[in-house]
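What follows is each chain in one-letter form.
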Amino acid sequence: MYPRPRPRGFDPLAYLADYFDTIEINSTFYRPAAQESAESWAQRVGGNPTFRFTAKLWRRFTHERDEAFTRADVAAARTALDPLADAGRLGAVLLQFPWSFRRDDESRLWLDDVTRVFRKFPLVLEVRHESWNVPEFYQELSEGGIGFVNIDQPRFKHSIGPSATATSRVGYVRIHGRNYADWFRKDASVEKRYDYLYTGQELEPWVERIQVVTEEAEDVYVVTNNHYKGKGIANAVMLQAQLAGRPMPAPPGVVATYAKTLAGYAEMADEPIASVTGRTRTPALRPA
């Protein structure tokens, strides 16, 4: 994915920001990031004025729900979010809940508490269980100014399906891959779970959905989360090309690795060019 050998002083984050307009920060899901790290991230993408980060909220608020969270937990989660917002580089905060988070009174109260304490940020919500797929839920999101995350995922019983829904000024799409064999396997590694490369034909329905979301929302983020061995980057280039109707600049290393898949979608450029497809930003990777 990156140049080999890497030039002296090479910055992978700045390199990706030359090709794409967003990166979804995954590390903030596992632990709060330091303020200094967030400030550095914002500075390192300075070459792309349209670039915005999205950041996953700490799992304390989405996956560790046995005990009520505290003010200290909220303050810790905000240590990275506040600097990015202050720098004008925060596009959305992603609340990603697991499939086990089902729509009942207890879950709705928990969700209300989380969204209330983080309401100063542009919030987007990902749920994976079909129990949330009811009109009143989308109405509640719209009234609260919270964006709905449209997802592609391996579908099993009671999994929420593909959609093209916008409930706030921020539209969001996440492409997870379709690795059915490992998605729910408990001993599967993260790499295995997200090891999937889409074909252009598989992405075409999502291009149509993204266009629908773009008509409804002011700022749209498209995240290719099938990140294993740069496959998400390859699919992000393909989505950009399909949305733009022309081949798009791509990291040479990705083109070399996935030459057959990217044929007709990627162009080689001596110097990377920041790509903007209307109001839609693609894709996402995890900054170091």
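The notes below deal with the structure included here.

1. Some thoughts on the overall build of the protein chain
Piece 1. Within the protein chain, the regular secondary structure consists of 12 helices and 10 strands.
Piece 2. Rg of the C-alpha trace for the protein chain: 18 Å, near the compact-globule value of 19 Å for 288 residues, within the 12% margin.
Piece 3. Across its three principal directions, the C-alpha atoms of the protein chain cover 55 × 40 × 40 Å.
Piece 4. Across the protein chain, the fraction of contacts at a sequence separation of at least 24, relative to all contacts at a separation of at least 6, is 74%.
Piece 5. Here the protein chain displays about 13,300 Å² of accessible surface, and carbon together with sulfur accounts for 48% of that area.
Piece 6. Each charge class in the protein chain can be summarised by its mean position, and for the 37 positive and 37 negative side chains these summaries are 4 Å apart.

2. Quick notes on the nonpolar core
Piece 1. One finds Phe53, Leu57, Phe61, Leu95, Phe118, Leu125 and Phe137 to be the most contacted residues of the largest nonpolar core, which totals 83 residues.
Piece 2. Per-element accounting of this core gives the leading share, eight residues, to helix 10 (residues 231-244).
Piece 3. Setting aside residues no more than four positions away along its own chain, Phe137 makes contact with Arg103, Leu111, Leu125, Val127, Trp132 and Phe148.

3. A closer look at the layout of surface pockets
Gaps left between atoms show up when a probe the size of a water molecule is rolled over them.
Piece 1. Considered as a void within the structure, the largest pocket measures approximately 560 Å³ in volume.
Piece 2. As for the largest pocket, its lining consists of 23 residues, of which His63, Gln96, Arg128, Arg193 and Tyr194 are closest to the centre.
Piece 3. Breaking the lining of the largest pocket down by element, the ones donating at least two residues are helix 2 (27-30) and helix 8 (190-193).

4. Quick word on unusual backbone geometry
Piece 1. Unusually for a residue other than glycine, His158 sits at a positive phi of about 65°.
Piece 2. For His158, a relative accessible area of 40% gives the class partly exposed.
Piece 3. The phi dihedral of Lys229 falls on the positive side, at around 50°, and the residue is not glycine.
Piece 4. In this fold, Lys229 is placed in the loop between strand 7 (219-224) and helix 10.
Piece 5. With relative accessibility at 61%, the residue Lys229 sits in the exposed group.

5. Details of the side chain of His129
Piece 1. Within the fold, His129 resides in the loop between strand 4 (123-126) and helix 6 (135-144).
Piece 2. In this structure His129 comes out as buried when scored by relative accessible area, which is 6%.
Piece 3. Side-chain polar atoms of His129 contact the side chain of Arg102, separated by 3.5 Å.
Piece 4. Side chain to side chain, His129 and Ser131 meet in a polar contact 2.9 Å long.

6. Focus: the environment of Gln242
Piece 1. Here Gln242 shows up in helix 10.
Piece 2. On the basis of relative accessibility, which here comes to 18%, the residue Gln242 falls in the buried class.
Piece 3. For the pair Gln242 and Glu204, spaced 38 residues apart in the sequence, the C-alpha separation amounts to 7.7 Å.
Piece 4. The contacts of Gln242, once residues within four sequence positions are left out, are Gly200, Leu203, Glu204, Val207 and Tyr265.

7. Overview of the packing of aromatic side chains
Piece 1. Applying the stated criterion to the full structure yields 18 aromatic pairs.
Piece 2. A ring pair is formed by Phe137 and Phe148, whose centres lie 6.4 Å apart and whose planes are at 80°; its orientation type is edge-to-face. Taken as a pair, Phe137 in helix 6 and Phe148 in strand 5 (residues 147-152) lie far apart in primary sequence, 11 residues in all. Both residues of the pair, Phe137 and Phe148, count as buried.
Piece 3. A connected cluster of aromatic rings, assembled from ring pairs, spans Phe97, Phe101, Trp132, Phe137, Tyr138 and Phe148.
Piece 4. The ring of Phe29 carries Lys56 above its face, with NZ or CZ at 4.5 Å from the centroid.

Each value, and the rule that gives it
Residues numbered from 1 in each chain as written. Predicted model: local features only at pLDDT ≥ 70, side-chain atom pairs only at ≥ 80, totals over all residues. Heavy atoms only, no water. Helix = DSSP H or I, 4+ residues; strand = E, 2+ residues; numbered from the N terminus. Rg over C-alpha atoms; globule rule 2.2 N^0.38 Å. Contact = heavy atoms within 4.5 Å. Areas by Shrake-Rupley, 256 points an atom, 1.4 Å probe, with all protein chains shown as cover. Lys, Arg positive; Asp, Glu negative; His and termini not counted. Charge placed at Lys NZ, Arg CZ, Asp CG, Glu CD. Core = buried A, V, L, I, M, F, W, Y, C linked by side-chain atoms within 4.5 Å. Buried < 20%, exposed > 50% of the residue type's maximum accessible area, 1.4 Å probe, protein only. 1 Å grid on protein atoms, 1.4 Å probe; cavity = no way out; pocket = protein on both sides within 12 Å on 5 of 7 lines; lining within 4 Å. Points joined across faces, edges and corners; volume = space filled by probe spheres on them. Polar contact = N/O pair within 3.5 Å; in protein donor to acceptor, adjacent residues only side chain to side chain. Phe/Tyr/Trp six-rings, centres within 6.5 Å; stacked < 30°, edge-to-face > 60°. Lys NZ or Arg CZ within 6 Å of the ring centre and 35° of its normal.

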